[in-house]
Amino acid sequence: MKPTKIIRTPLLAAALFMFAMPGAHACDFRNTTPVSMLSAGFEAWKVVSGAMEECGNFNAELDQEFRTKQPAAFAAQPSQYTLGGVANGTLVPLLNDGSIRALNSLVDKHGAHLLPNQLIRNDDDVVAIAMMINAQHLMYRRDILDDLNIAPPKTYDQVLAAAKQIQAAGVVDYPLGGTYKSGWNLAQEFVNMYLGLDGELIDSGNRPALNNARGQAALRMMKRLTVYMDPEYLVSDSTYVQQQFQQGKIAMANLWASRAGAMDNAEESTVVGLVDFAAAPAVIPGGAPATTLWWDGMVIASNVSDAEAEAAFRLMMHGISDPVLSANKDAAIWLTDAFAPARIAAGAMASAQGGAPSYPASTAMGLLHTALGNNLADYLTGKESAKQTLADVEAAYITAAEEAGVL
Amino acid sequence: MRRKTFVAFVAPSLVAMAALIALPLLSVLAQSFFVTTEVMETVVQKNCDPFGCKTEEVLAPVRGDDGRIVRATRWVGFDNYRALLQPDTVAAAFAAGGRGWAALANIDFYRALRFTLTFTLITLPLVLLVGLALALSVNRALQSLRGPVIFVSLLPFIITPLIGALSIRWLFIGDGILTAALEWFLERDIALFAQGWTIEVLMLFYRVWHVAPFAFVVFYAALQTVSQDALEAALIDGATRLQRLRYVIIPHLAPLIVFVALIHLMDAYRVFEEIIGFSAQAHRISLQWMTFDLLQPDDSGNRAIARASASAMLTMVGVTLLLAPLLRRTWRDYGGGDSGR
Amino acid sequence: MMATTATTATVATTATTATVARAFHLTTGLRVTVTVFLCAWLLLAAFPLLWILVMSFKLPVDAFAPNPLTVLFGPQTQAAAGGLTPIAALVTVACIWLAVRWRPVARAWRGTVAQVLKPLPRMLAATLAWLTVFIAAPLVLVTVAWMLVQTAESLLAFAPAFDWLARPFIGFTLQHYHAVWVGNEFYRQFINSALITFGVVLVSLTIGTTAGYALARARSSLAFWILIIALVFRALPHSVLVSGYLPPFIDYGLYGKHIAVVIVLAAINQPFTIWMLRSFFANIPAELDEAAMVDGCSPFQAFWRVIMPVMWPGVITTGLFSFLLAYNDYLVTALLLDGPSMTMVPSITQYFNRETTMTDQVEAVAAAVSITAPLFLLVMIFQKQLVSGLVQGAVKG
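Residues numbered from 1 in each chain as written. Chains lettered and ligands numbered in written order. Predicted model: local features only at pLDDT ≥ 70, side-chain atom pairs only at ≥ 80, totals over all residues. Heavy atoms only, no water.

Chemist: I'm lost on the overall build of chain B in this one. Help?
Modeler: The helix and strand inventory of chain B stands at 14 helices and four strands. A compact globule built from 341 residues would reach a C-alpha radius of gyration of about 20 Å, whereas chain B, at 27 Å, exceeds it by more than 25%. Projected onto the principal axes, the alpha-carbon positions of chain B cover approximately 95 × 70 × 50 Å. Across chain B, contacts joining residues at least 24 apart in sequence account for 66% of those joining residues at least 6 apart. Per element, the accessible surface of chain B, about 15,100 Å² overall, is 62% carbon and sulfur. (Helix = DSSP H or I, 4+ residues; strand = E, 2+ residues; numbered from the N terminus. Rg over C-alpha atoms; globule rule 2.2 N^0.38 Å. Contact = heavy atoms within 4.5 Å. Areas by Shrake-Rupley, 256 points an atom, 1.4 Å probe, with all protein chains shown as cover.)

What follows is the structure, encoded as structure tokens:
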């Protein structure tokens, strides 16, 4: 049984008593209203949804592709889910559709203890409750770098130099890992790199502004990095890179903070305690770390009854209550003042202090992100020049933006 | 049968097909000439998140009096088709100094068309050949073997296509056992999911694996009805095994070969599950996948319904052209319309 | 004279038969080729499915190991989660063998059971008998076998010479199935799949049989046109249709509703259904219903009372193909259903999407095997009907 064993009904809970997860925190109330949730599937969501199940009548759908499903599911009458897990980027479509409700009165009633920075506000409405922050940052095998006398790299040029040295030493299969899976992940890597070059993705008139020297430089840097990666990088997502780390196949990667805890998970990892975390590398020496800051949190659908919404909110409060988070300190960088940030928070904190921007979520950005994800692979596979690839991205964005009414 | 009775009997089925196949088809045709957009306006909002508060200009949809988002639909003619086919880029590519086919391969539609067509046309002869070879072999195998062979052969055919594709993918992904075996055999490092052509070969292999049993069962059943007299006559004339196959058995199977080819063309042209199962979208896409992808909401929650409709219509035109010769043959077989039989 | 001719003829026939027999007789080389080819095919056809079955019983480390022997024997699995003993393995193989050979046994028993149940109405008795031999009896047998294994293992532990029989030698765990079915509540998706599949089979047969019958009997050009248009509809990529459904479905609240998907799938399936049913009906002599109508039946009575009773094999076969279409569908269900209403096949991609650990991947494998199992049973029970369906569609249609 996985330690995050999910228990859904009282009967099963009894049957599964012997598998119950260590450090489970009994829920302080019995939930009687059926509540469902759609969210991403990384460890933090497993922790939170696992805790929420203890209250009963709760069903979680953990899906890394939740962003493509959420808008239609929440717009349905009644909504297919009561709760939704969202991040900066995925909140925008729900907000635009008006399919999530304002939580102000519920916060007053059940959420007085929430920190001010947990309340995501749109004008006066509290529209979501943030539970954690996340960012991609540098993870590296301290032992390997020490053995080879390499200082933790601060810039991508240093990353390349280090990768070359590691490759020459032949201690791992591939010096670098990267979440370069075509689609959302690949686009995210580009956004990191481009913002690290101080670029502006979209101009004030919502026209794309990335086919320039900066955009091409960002692409070139990405391609230089891929030389040191597993050649199957175009299908490697966060999970894949995490596994490569765990199995000791790679030495460095720019990976999500929410994956840091997995490195020290003795059940799956062969590199427990060997991976250290630092700020994301900068592209320009002395520049801001090339990464974006994200938050993850929860929203409640508007197409559900008030009673369901209240039940959902109470479950949410239990899911992100301090005892639950304290028992899972390493699963994410939680937004709580109950305990000091864990070791895994170091990289993200350093990135934030280094001046990394938050992800510039907006309707136009969502369209651009999709356009980037669908087109960038052509450059990396060598089918297209950098200029042509970026021209394709802009053309795809313009087509989509015109259809969406953004242009 | 009197016409009134006939109509009464076929009505439910016809209504279902008209309402759920013909009508959607017409609506897709109509949709492909329009674009529906949400009306957006720039508003000033104060947004707060864990990283601070910002007052900024953002685009937000306009809401009507009933609280619903206001949408505007406008006629765009062939713009949706143009967005897919990109005639200007194509013209530039083939003009003097253009990049020719390479530029064409950069446009999703032509990329998808290229893959869909090669996929269909390469698997077709393979399926027919493997099916025929199996049928002839089983026909010659021991009686006691035939049942088990048919049973096992049916498995790849009835299995959920997505799961069939996945089961083959799991054998190869990363250091899967078959990749490991290949690496050991060829003594070199292999990454089957790193480049397009290997994924394409895997997809072709999967499809032949999946459909050959169908051809096999059909051909095998037909082999049971080959006229023994004709075979014996051929023998007495001194025909060799190959000649008997060529002049007696194949002609007997001809209508069924056409039938299997017809069904296979229809199904292979719809190739879709393979792309999902093998996660091939970075390297290879098919026409139906393209429509599916346009229908999926993007990161802003929009579905490109208009372009999806245009893409769907283009796919349909393609399949009609592909099937035209075979459909004409079926038409003739049924007497060119003078009767149902 | 007559006799001589006859004799000559016989001799000639015998000679021909001998030549024919000799000529049809395979040369050794050819026979070897045929055998090797068939064996290679059998391996190719079954291997991917057998292999995911093996993988689903192992812990991730073993399941994704590059060495096939590691995957097969699962040393890590055995160390961490236990394994099968030789006895258990033997009994499992025996059970599988029995399952493959179940039909003759079942046929014999069904007669007996039907005898016992004679006082009950005929349909009910037949259903009960079927349930007894195909569901209840195997369940009882499996339970008994399991208890036997347990007893034998505990007894053998005291017999030093034979205790290797009771010691695990092959890694085996059901924890992924447990996680899929209990932890992730896969039974919800199973129920959704069952509902939708049942609905589609029911609807498409109900509206398809009358149409198929009428099309088989009609000689008008209208019937011909309907068939040709149906053939064109059969060729339509499903995404074409879904792009038509999606906007109204989302606007009118049909998104995520089972009934909508049932109707959509049944309609998409109609062209195929009416073609297949039509060729089955065409096999039934038209004299039968003509005679019934002469006896004063209305066309519908003739269809229902006279034709349908001899038509069941065709209906069952067509139903099987409707079943396959509905059960295996990915595209329509993935786009029109979501979350709680999702069926099994599209939900498997969610396993991929939620795979954040190696364990999730093996759970996806276990889910895939779970989806395949009913299909496997289907082939076992209905092999004859499936083959006859393929042949029917081919020869006639």
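Chemist: So what exactly am I meant to see when it comes to the state of the cysteines here?
Modeler: Formally, a disulfide is one covalent bond, and it connects the sulfur atom of one cysteine to the sulfur atom of another. Residue and element names in this part refer to chain A. Overall, the coordinates contain two disulfides over all chains when judged by the stated rule. Disulfide pairing places C27 opposite C55 at an S-S distance of 1.9 Å. With the S-S bond torsion at 90°, the cross-link from C27 to C55 turns out right-handed. Here C27, found in the loop between α1 (10-15) and β1 (35-39), pairs with C55, found in the loop between α2 (43-53) and β2 (58-62); they are 28 residues apart in sequence, far enough to count as distant. (Disulfide = S-S within 2.5 Å.)

Chemist: Just to check I follow, could you spell out the packing of aromatic side chains for this structure?
Modeler: How two aromatic rings sit relative to each other is set out by the distance from centre to centre and by the angle between their planes. Enumeration according to the criterion identifies 41 aromatic pairs over all chains in this entry. On the numbers, 5.8 Å between centres and 50° between planes, the contact of C:F272 with C:F321 is tilted. Of this pair, C:F272 sits in helix α13 (residues 258-282) while C:F321 is found in helix α15 (residues 299-328), placing the two residues 49 residues apart along the sequence. You can call C:F272 partly exposed: its relative accessible area is 23%. Owing to a relative accessible area of 9%, C:F321 belongs among the buried residues under this scheme. Taken together, the ring pairs in this structure connect B:F9, C:Y213, C:F281, C:F300 and C:F303 into an aromatic cluster. Lying over the aromatic face of A:Y379, A:K223 brings its terminal NZ or CZ to 4.7 Å of the ring centre. (Phe/Tyr/Trp six-rings, centres within 6.5 Å; stacked < 30°, edge-to-face > 60°. Buried < 20%, exposed > 50% of the residue type's maximum accessible area, 1.4 Å probe, protein only. Lys NZ or Arg CZ within 6 Å of the ring centre and 35° of its normal.)

Chemist: Could you clarify how one ought to interpret the interface of chain B and chain A in this entry?
Modeler: Counting residues at the interface gives 46 residues for chain B, matched by 53 residues for chain A. In this assembly, chain B packs against chain A so that about 3,800 Å² is buried in total across both faces, 48% of it on carbon and sulfur atoms. A per-residue breakdown of the area chain B buries against chain A is headed by B:P50, B:F51 and B:D299, which together make up 18% of the total. The interface formed by chain B and chain A contains one salt bridge. (Buried area = accessible area lost by both parts, 1.4 Å probe. Salt bridge = Lys/Arg side-chain N within 4 Å of Asp/Glu carboxyl O.)

Chemist: Would you take a moment to explain the interface of chain C and chain B for this structure?
Modeler: Accessible area lost upon the coming together of the parts is a frequently used measure of interface size. With 106 residues of chain C at the interface, the matching set in chain B holds 97 residues. For the pair chain C and chain B, the summed buried surface comes to about 9,100 Å²; carbon and sulfur atoms form 79% of the total. Where chain C packs against chain B, one counts one salt bridge. Residues B:D267 and C:R234 are paired through a salt bridge, measuring 3.2 Å at the closest nitrogen-oxygen approach. On inspection of chain C and its partner chain B, the count reaches 13 residue pairs in polar contact (both at pLDDT 80 or more). By residue number, the principal contributor to the side of chain C that touches chain B is helix α18 (residues 358-396) of chain C, which donates 18 residues. Along the lines of polarity and charge, the residues of the side of chain C that touches chain B split into 83 nonpolar, 18 polar and five charged. (Polar contact = N/O pair within 3.5 Å; in protein donor to acceptor, adjacent residues only side chain to side chain. Nonpolar A, V, L, I, M, F, W, Y, C, P; charged D, E, K, R; others polar.)

Chemist: Is there a simple way to explain the confidence of the model for chain B in this structure?
Modeler: Interpretation of the predicted coordinates at a detailed level should be avoided for regions scoring low in pLDDT. All names here are of chain B. For chain B, mean pLDDT is 86; residues scoring 70 or higher make up 96% of the total. The element-level mean pLDDT for chain B is lowest in helix α4 (residues 101-104), coming to 80, with helix α5 (residues 108-140) highest at 93. Within the model, pLDDT remains below 50 along residues 336-341, and this stretch shows 15 contacts once partners closer than five positions in the same chain are excluded. (pLDDT = per-residue confidence, 0-100.)

Chemist: I keep staring at the nonpolar core and nothing clicks. Help me out?
Modeler: A general tendency of soluble globular proteins is for nonpolar side chains to be buried together. Grouped together as the largest cluster of nonpolar side chains are 205 residues, with contacts concentrated most on B:W170, B:F214, B:F216, B:F219, B:F278 and C:F281. Considering each element in turn, this core owes the most residues, 19 residues, to helix α9 (residues 196-223) of chain B. Contact partners of B:W170, with chain neighbours within four places excluded, come to B:G176, C:I52, C:M55, C:F64, C:F352, C:A364, C:V365 and C:A368. Counting residues in hydrophobic clusters, the runner-up holds 68 residues, among them A:F29, A:V35, A:L62 and A:L91. (Core = buried A, V, L, I, M, F, W, Y, C linked by side-chain atoms within 4.5 Å.)

Chemist: Just to check I follow, could you spell out the packing of α9(B) against helix α11 (residues 241-269) of chain B for this structure?
Modeler: For any two helices packed against each other, the geometry is given by the interaxial angle and the distance between the axes. Residue and element names in this part refer to chain B. Running from N to C, α9 and α11 cross one another at 150°; their axes reach a closest spacing of 10 Å. Taken together, the axis directions place α9 and α11 in an arrangement best described as roughly antiparallel. In this structure, the crossing between α9 and α11 has a hand that is right-handed. Residue-level inspection shows R207, V211, F214, A215, V218, F219, A222 and L223 of α9 in contact with α11, the latter providing I249, H252, L253, L256, I257, F259, V260, I263, H264, D267 and A268. In terms of residue class, the contact of α9 with α11 is made up of 15 nonpolar, two polar and two charged. (Axes fitted to C-alpha atoms, helices over the stretch in contact; angles between N-to-C directions. Parallel < 35°, antiparallel > 145°, perpendicular 65-115°, else oblique. Left-handed = near helix turned anticlockwise from the far one by under 90°.)

Chemist: Can you help me understand a positive patch on the surface in this one?
Modeler: Residue and element names in this part refer to chain C. Together, R103, R107, R110 and K384 give the surface a local cluster of positive charge. Element by element, the count of residues in the positive patch is highest for helix α7 (residues 102-116), at three residues. Mapped onto the fold, R103 is located in helix α7. According to the relative accessible area criterion, R103 is partly exposed, its value standing at 35%. (Patch = residues over 30% accessible without salt bridge, like charges linked within 9 Å, V, L, I, M, F, W, Y side chains within 5 Å. Lys, Arg positive; Asp, Glu negative; His and termini not counted. Charge placed at Lys NZ, Arg CZ, Asp CG, Glu CD.)

Chemist: Help me out: how do you make sense of helix α6 (residues 143-158) of chain B in this one?
Modeler: Every α-helix winds through 3.6 residues per turn, so residues three or four apart in the chain are directed the same way. Taking 1.5 Å as the rise per residue, α6(B) with 16 residues should run 22 Å; its terminal C-alpha atoms sit 24 Å apart, in good agreement. B:R146, B:V149, B:I150, B:F151, B:V152, B:S153, B:L154, B:L155, B:P156, B:F157 and B:I158 are the residues of α6(B) that are buried. (Expected span 1.5 Å × (residues − 1).)

Chemist: How should the pattern of salt bridges be read in this particular structure?
Modeler: Between side chains of opposite charge, pairing is possible as soon as their charged atoms come close. Overall, the coordinates contain 20 salt bridges over all chains when judged by the stated rule. For B:R307, the salt bridge is made with A:E403, and the minimal N-O distance between the two is 2.8 Å. Here B:R307, found in helix α14 (residues 305-333), pairs with A:E403, found in helix α17 (residues 386-404), and the two come from separate chains. Pair check on accessibility: B:R307 and A:E403 agree, each one buried. Through salt bridges with shared partners, a single network forms among A:R142, A:D264, A:D276 and A:R343.

Chemist: What is the right way to look at empty space enclosed by the protein in this model?
Modeler: To find leftover empty space, a probe the size of one water molecule is rolled over the atoms. Under the definition given, this model contains 10 cavities of 30 Å³ or more. In this structure, the largest cavity is lined by 46 residues; those nearest its centre are B:I263, B:D267, B:R270, C:R234 and C:L325. When the residues that make up the lining of the largest cavity are grouped by side-chain class, the tally is 29 nonpolar, 10 polar and seven charged. (1 Å grid on protein atoms, 1.4 Å probe; cavity = no way out; pocket = protein on both sides within 12 Å on 5 of 7 lines; lining within 4 Å. Points joined across faces, edges and corners; volume = space filled by probe spheres on them.)

Chemist: Any chance you could explain the environment of C:F64 here in plain terms?
Modeler: Looking at where C:F64 falls in the secondary structure, it is placed in the loop between α3 (60-63) and α4 (68-73). Remark: the alpha-carbon pair of C:F64 and C:M358, spanning 294 residues in sequence, is separated by 8.8 Å. Sequence-distant contacts of C:F64, that is, excluding residues within four places in its chain, are made with B:W170, C:M55, C:Q361 and C:V362.

Chemist: Would you mind showing me how to read the packing of helix α1 (residues 3-31) of chain B against helix α11 (residues 221-235) of chain C here?
Modeler: Closest axis-to-axis distance for the α1(B)/α11(C) pair is 12 Å, and the angle between their directions is 25°. Here α11(C) runs roughly parallel to α1(B), going by the angle between their axes. By crossing handedness, the relation of α1(B) to α11(C) is classed as left-handed. Contacts from B:R3, B:F6, B:V10, B:L14, B:M17, B:I21, B:A22 and B:L25 of α1(B) reach α11(C) at C:L222, C:A223, C:I226 and C:F233. Looking at side-chain class alone, the contact of α1(B) with α11(C) contains 11 nonpolar, no polar and one charged residues.

Chemist: What am I meant to see in the side chain of B:Q45 here?
Modeler: Relative to the helices and strands, B:Q45 is located in strand β2 (residues 40-49). Judged by relative accessible area, which is 15%, B:Q45 ranks as buried. Polar contacts involving the side chain of B:Q45 include one to the side chain of A:N122, which spans 3.0 Å. If we skip the residues at most four places from it in the chain, B:Q45 touches A:N122, A:D123, B:K54, B:T55, B:E56 and B:V58.

Chemist: I would appreciate a short explanation of the environment of A:D143 in the present structure.
Modeler: Residue and element names in this part refer to chain A. By the secondary structure assignment, D143 is in helix α6 (residues 142-147). In this structure the C-alpha to C-alpha distance between D143 and S305, which are 162 residues apart in sequence, comes to 55 Å. A polar contact is formed between the side chain of D143 and the side chain of R141, at a distance of 3.1 Å.

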